[in-house]
Every structure is written in structure tokens, then in C-alpha cells.
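Each chain, written out:
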Amino acid sequence: MRLRHASTLIAAALAGLWGACLALPHWRGGSDLLDRVEAPLADLRFVIQGPRPAPDAITIVAIDDRTIQTTGSYPLPRATMARLVSSLALMKPNVIALDILFIDPGPPEGDLALAEALRKAPSVVAAAGVFKPGEHASRDPGDRGLDARLPEAANVLLPLGSLAGAAALGVVNIAIDASGVPRHVPLLLRSGDRIVPSFPLRAASVAAKQDPVLRPDGIDLGGASIRTEAGYALPLRFYGPGGTIRTVSASEVLNGTLAEDAVRGRTVVIGATVTGGGDTFSTPFDPVLPGVEVLATAIAHLTEGDGLVRDGSVRSVDAAMAVILPVLFVLLLSWQRSVWGFALIAGIALGWIGVTAAAFTRGIWLSASLPLLAAGPAVAFFGAAQLWLDRRRADRLSAQSRTLRRFQPPSLTERLTKDPTFLMQPIRQQAAVIFIDLSGFTGMTEIIPLDETREVLRGFHTLVDEEAVAHHGIVASFMGDGAMILFGLPDPSPQDAGNALAACLALCARMEIWLAALPVRIATRLGFKIGAHYGGILASRLGGDSHQHITATGDTVNVASRLMEVAAARGADVALSDALLQAAGPIRSVLRSGSLDGPQATPIRGRAGSIPAWFWRREPPPAR
């Protein structure tokens, strides 16, 4: 038991260590493998949660198909873009953010007009970071500044100098996973020694009319505290399919039909949604969500504080569960390896999934995959190891049981298994006792080798055991060339005397056949004698602490043993007490197969007085 407890503790410690190894990279900011597994589970939680109402403070002005039909060209001419910005500025938005890269110069008058329009309104223009493979983030362990894990761009594509000087600047990069779903927006980007804010962060800052305050675990902006992931990554919490955020056509602004309420006091994001012209992303709600709506979603999170929280505290909870669940499951398997144990483990796993789903609806992104990935292998390996050990233990116990059954009769073995205290206290009861012994065995051992002696005893013992079991008796002990057989253990029965009488005659028949099969030099020297009696015995365990055996004592046992001597002296095969014959009832008719003499008053050696006894002999074979 102590060894089992030690192995369980070692397994639990290893399971916890395995969970910690998985949790460490997740806690430090993410693991590609875990993120791949977590992504579809996150999408499922989005679907379970369903679409949410988008904030009223954001309006997307879409350069859509209707706008292109109205203006007749795409991209829109700079002069048209200037007119669009100027028209929006008249409606007094908090900020106008243009999700359009103005890298190449246009007609000078158009660029000047756009720059002038941008200066007259709080505005933001787009830039874009250019990344090289493997250089997306800083991994310098010695870097402990606020930019320790910022995405690192090889270069930043900036708008024209005249436009860049007329408006605030923000990069429009979005981080997507392996399936193409945007998961977060980096709020800060590093390029060389320069740190550039993201397009959503810049737009939200201009709208709030204040600069953001950076904290190690987030950003304070406009009275709101935004918790971010490592490297100031803002997780995206989608509102729904395309159009969930208020979207109007740029053509309505250009032709003067847009209601001013759609813009006044709001953040306006201008971007392309024209078919084949704007960038799109796959999301849990929409396979082609326009990129401008993804950026608008990020801006809404910064202004409303309704995004997903997956900061260091949340990841610490994930890491803790990645250690706790494997340890807990191993302990549960050790305690209860049954259907109930596995059901409890499955219930806890489903419970954790339910907790992550409930937390997700409240904007907290707990990992569903990490704790389960940590617990799964631990449960599988420990469960398999326990099954293997249980199988070995069962095989060992089965072998021990088979071995013990050879030292104790099956009926006693079964009784002791069910009741280990059986006969710890002596029991008085009625029983039948048979003694059988080989005559001439001692003299025979002087002339035959030891191996032959052993085989003779082996055959004799096998014969006695088979007949005892066949007649519902047990061999209480083998005494060299003799044996004592009891009828009435472990439980007495009215048939005990009859079974003993039948066993006496069966032993005689088997002994005659067995002796005839032995070599002549052995068979001519051997005979047998049997004595049987019925009466009260004291059944108990005898022996010391290291070894005990079950036996019977009392006058009935002594008389049966002495009757065996009397049978030999009278030339009978079996000497039976009258008590046994009377208790046998109708079954005593089997004695007609031989000759029966008695009852005769028979003195018993070492015992005062005599007892009535019967003497049975086999019928001699007919003369030829």
C-alpha cells in the first residue's frame, strides 16, 4: 500500500511537471501548437455566444461598389478623397481615420487638396509594417523595456510626406492565425529604434484627445483601462458578420444624402469594401469580413473597453489549471479506477470547458485547450500504467490463489477469502472423520529409491484428495503415508455421515485399482486400512503466527484413528463405528457390495471401555 501511494505521488508530480512544461510558453505569451488547437475552440465560443450589438460610437464609411459606380473609378481620385474628408469634417466627427495607404503620389493638386482636408479635421492616415519571416517579435531575454515583445518590422511603408504631416499616423497590420482568422491587433510596432502606434490606437487616442498611458499589462486611454496580451497585442472580439458595425456608403457622403447624426461625435473609419478591391478576413461570423471592419472592431475595443481579456493574469489562471488538472485527474484515477472515476474526470473536463465558455461571453479568454492538452496525456499514460499494473497484480494474485488452493481445500479457501476470521475461535460441531493409511509402506521404502517413494506417495495423495472432494469432504492433513479426511467443514450438513460412508467404499475401490497398477515389487508389499467415526469435534486453527492450519481435535478424531488400527488387526478393509453407520441413514445400503460384520463391542486403545463397531470387507473375486 505504501509503495502504491508513493507511485501515485510520483505520477502526480510528473503530471504536474508535464502541465508546467506546456504552461510555461503559454504564460510567457503563446505557443504556436497551443494557439492552433485553441483557435477552433475560440471560434466555437464565438458561435455559442452569438453576435453582439456593436457600439454606436463607430461609423464605417465604405468605399463600396455603389461609390465606384458614382465616381467612375477605383481607387478614388485624391481630389474625390479630399471632398469626402471635407464633407465628413463638416459633420463634426471625433476623428476621421483613413484605412487607405497613400504611398504613391497622385496629381499634385489632388494631394494638396487631401492634405488640406486632413489638416482641417482630427484625422489619422494609414501606414503598414513590412515583416521578414522569423522577425515578427523581439525575443531578446535581456530586453526588459515596454517594447520587450513588440512585433518588429523590417520597414514601415509611410504615406506621402505631405499627407503624413497633415494627420496622425498609425500602422494597419493585423495578426492572423494559421487559418487566416484575425486574432489580435498589435497596438505598438517596432522598426529599428522607432516605435509606431497602430491605426486603431492612434484613432482612439485622437478621438479621446489624449495620449495613451502604457502599463506593463495594458493601456489607459480616455478613462478606460485596456488589458492587453504580451507585446501590447489587443485580442479581437468580433461583434458579428459584416455590417454589424454601422456602415454607410461613401456615395451618400459625396452626394449629400447622409444624415449628420451618423457621423457627429463619432469615430469615422474610411475603408474599401468594393468587390475585389478591399482586403477581407475570415472570422467565426463571416468568411469575408472587410479589413476596415476588423480595424473598426479594434477601435471600438479601445474606446468602449469591451474587447477580450487575455493578459498575464488570465494566462496565469490557464497555467495553474494546466498543472492542477493533470495532478487532480491522476489522483482521481488512483482513488477510483472505475466507470465513476472516469465519469468524474469527464465531468470536470466538461466543467472547465463550460467555465471557459461562460467566461468568454463576459470577455475573458481562458484557454480551453491548454489544461485539457496537459491533462489528456497524463490521464492516458497513468491510466494505461495502472491498467498494466492491475493486470500484473491480478495475474500475481491469481497465481498465488492457485498455489494456495493446493495447500488448502477449495471450500476452505473460498470460505477464508470471504471470512478471514473463520475458525479464529474454535467451533464445536458434529462431523464425520476418516483415517486411511498405507500398510507396509515403511518396509517398502527400504528397498526402493527415494524418487519412486515420492511417486508412490504422490499417487496415494492424489487418489485420496480426489475421492474426498468428490464426496464433499476435505483432507485436513496428509501424514506421510496416511491422511485424515473431515466431513462437516467448513459447514456441517445432515449428509456428512452418508458422504463419509460412501467415501470409505470409494477409497477401497480406488486403492485396489491403484495398487494393482503399481510394480509387483511394490504392490506386493503394500496394503491399506481405513477407520471412520461420527461425533462431536472441535474445529479450530492450530499453529503459530507464521503458519496456521485448520484441523479437528477431540475424542471422535482419536476413535477414528484407532479404528483404522482395529481394521488392520481384524483383517478388514474398513472399521466403522456404529454411530457413523446409524447417522448415515439409508445410504448404508452401499455396504451390501461387500461383507459386513457387527456390531461388535470393540475396545479402543488408550480409551476406557469399548464401542460397537462394524467391519467391512470387499467381496473376494470369483474363483476361476
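Residues numbered from 1 in each chain as written. Predicted model: local features only at pLDDT ≥ 70, side-chain atom pairs only at ≥ 80, totals over all residues. Heavy atoms only, no water.

Colleague: I tried to follow the sheet that holds strand β7 (residues 182-186) on my own but got confused; where do I start?
Modeller: Within a beta sheet, neighbouring strands are joined by backbone hydrogen bonds and run either parallel or antiparallel to one another. Overall, antiparallel pairing links the 3 strands, which are arranged β6-β7-β13 in an open sheet. For this open sheet the edge positions go to β6 (175-176) and β13 (233-235), each flanked by a neighbour on one side alone. By the bridge criterion, 2 bridges tie β6 to β7 in an arrangement that is antiparallel. The residue of β7 that forms the bridge with I176 is P182. This element, helix α9 (residues 291-304), spans β7 and β13 of the sheet and lies at about 95° to β13. (Pairing = 2+ DSSP bridges. Helix = DSSP H or I, 4+ residues; strand = E, 2+ residues; numbered from the N terminus. Contact = heavy atoms within 4.5 Å. Axes fitted to C-alpha atoms, helices over the stretch in contact; angles between N-to-C directions.)

Colleague: I tried to follow the environment of A584 on my own but got confused; where do I start?
Modeller: If you trace the backbone, A584 turns up in helix α19 (residues 578-584). Here A584 falls in the buried class, since its relative accessible area comes to 9%. Along the primary structure A584 and A502 are separated by 82 residues, whereas in three dimensions their C-alpha atoms are 9.2 Å apart. Once residues lying within four places of it in the same chain are set aside, the contact partners of A584 are A497, G498 and L501. (Buried < 20%, exposed > 50% of the residue type's maximum accessible area, 1.4 Å probe, protein only.)

Colleague: Help me understand unusual backbone geometry, please; the structure alone is not making it clear to me.
Modeller: Glycine aside, residues mostly have negative phi, and peptide bonds are mostly found in the trans state. Note that the residue after Y74, namely P75, is joined by a cis bond; omega there is 0°. Put simply, L489 and P490 share a cis peptide bond, and its omega is 5°. Among the structural elements, P490 can be located in the loop between β20 (482-487) and α16 (496-517). Even without being a glycine, Y232 presents a positive backbone phi close to 55°. On the secondary structure map, Y232 appears in the loop between β12 (224-227) and β13. Since its relative accessible area comes to 3%, Y232 is described here as buried.

Colleague: Sorry if this is basic, but what is going on with the packing of helix α4 (residues 78-89) against helix α5 (residues 108-119) here?
Modeller: Helix packing for two helices is described by the angle between their axes and how far apart those axes are. At their nearest, the axes of α4 and α5 sit 7 Å apart, and the two run at 15° to each other. With respect to each other, α4 and α5 are oriented roughly parallel. By crossing handedness, the relation of α4 to α5 is classed as left-handed. Of α5, the residues touching α4 (which contributes R78, A79, M81, A82, V85 and S86) are G110, D111, A113, L114, A117 and L118. (Parallel < 35°, antiparallel > 145°, perpendicular 65-115°, else oblique. Left-handed = near helix turned anticlockwise from the far one by under 90°.)

Colleague: Would you mind showing me how to read the pattern of salt bridges here?
Modeller: Any two side chains of opposite charge can pair if their charged atoms end up close together. One pass over the structure, following the stated rule, counts 23 salt bridges. A salt bridge links R315 to E229, with the shortest nitrogen-to-oxygen separation between them at 2.3 Å. Of this pair, R315 sits in helix α10 (residues 312-335) while E229 sits in the loop between β12 and β13; the two residues are 86 residues apart in sequence, bridging distant segments of the chain. You'll find R315 and E229 in the same group, each marked buried. When salt bridges that share partners are traced, they join D43, D177 and R183 into one network. (Salt bridge = Lys/Arg side-chain N within 4 Å of Asp/Glu carboxyl O.)

Colleague: Can you help me understand the sheet that holds strand β11 (residues 218-221) in this one?
Modeller: Pairing in this open sheet of 3 strands is antiparallel, and the strands run β10-β11-β12 from one edge to the other. One side of each edge strand has no neighbouring strand; the edge strands of this open sheet are β10 (213-215) and β12. In this sheet, adjacent strand axes meet at a mean angle of 20° when their direction is disregarded. Direction of pairing for β10 relative to β11: antiparallel, over a ladder of 3 bridges. Note on β11: the bridge partner recorded for R215 is G218.

Colleague: Sorry, what's going on with the pairing of strand β8 (residues 188-191) here?
Modeller: A regular strand places its side chains so that they alternate between the two faces of the sheet. On β8, burial covers both faces: L188 and R190 on one face and L189 and S191 on the other are all buried. Note: β8 against strand β9 (residues 194-197), 4 bridges, orientation antiparallel. Counted as the bridge partner of R190 is I195 from β9.

Colleague: Mind showing me how you'd approach the nonpolar core here?
Modeller: Nonpolar side chains in soluble globular proteins tend to be buried together. Membership of the largest hydrophobic core comes to 46 residues, with the highest contact counts inside it found for V124, L187, F199, L201, F238 and L302. Those elements that provide at least two residues to this core are α2 (32-49), β1 (58-63), β2 (95-98), β3 (123-130), α7 (199-208), β11 and α9. Per-element tally for this core: the top contributor is α9, with 8 residues. Sequence-distant contacts of F199, defined by excluding residues within four places in its chain, comprise A97, L98, D99, V124, V125, A126, G170, V171, V172, V269, L295 and I299. Grouped together as the second largest cluster of nonpolar side chains are 43 residues, L438, L501, L576 and W614 included. (Core = buried A, V, L, I, M, F, W, Y, C linked by side-chain atoms within 4.5 Å.)

Colleague: It is not clear to me how the packing of aromatic side chains should be interpreted in this structure. Could you clarify?
Modeller: For any pair of aromatic rings, the description rests on two quantities: the centre-to-centre distance and the angle between the ring planes. Applying the stated criterion across every chain yields a total of 5 aromatic pairs. Where F46 meets F360, the ring centres are 4.9 Å apart and the plane angle is 85°; that geometry is what we call edge-to-face. Pair noted here: F46 is in helix α2 and F360 is in helix α11 (residues 339-361), with a separation of 314 residues, a long-range link. No difference in accessibility class separates F46 from F360, as the two residues are buried. The interplanar angle of 40° and the centroid separation of 6.2 Å between the aromatic rings of F460 and W514 together place this pair among those described as tilted. With F460 in helix α15 (residues 450-470) and W514 in helix α16, this residue pair connects regions lying 54 residues apart in the sequence. F460 sits in the buried class, given a relative accessible area of 0%. (Phe/Tyr/Trp six-rings, centres within 6.5 Å; stacked < 30°, edge-to-face > 60°.)

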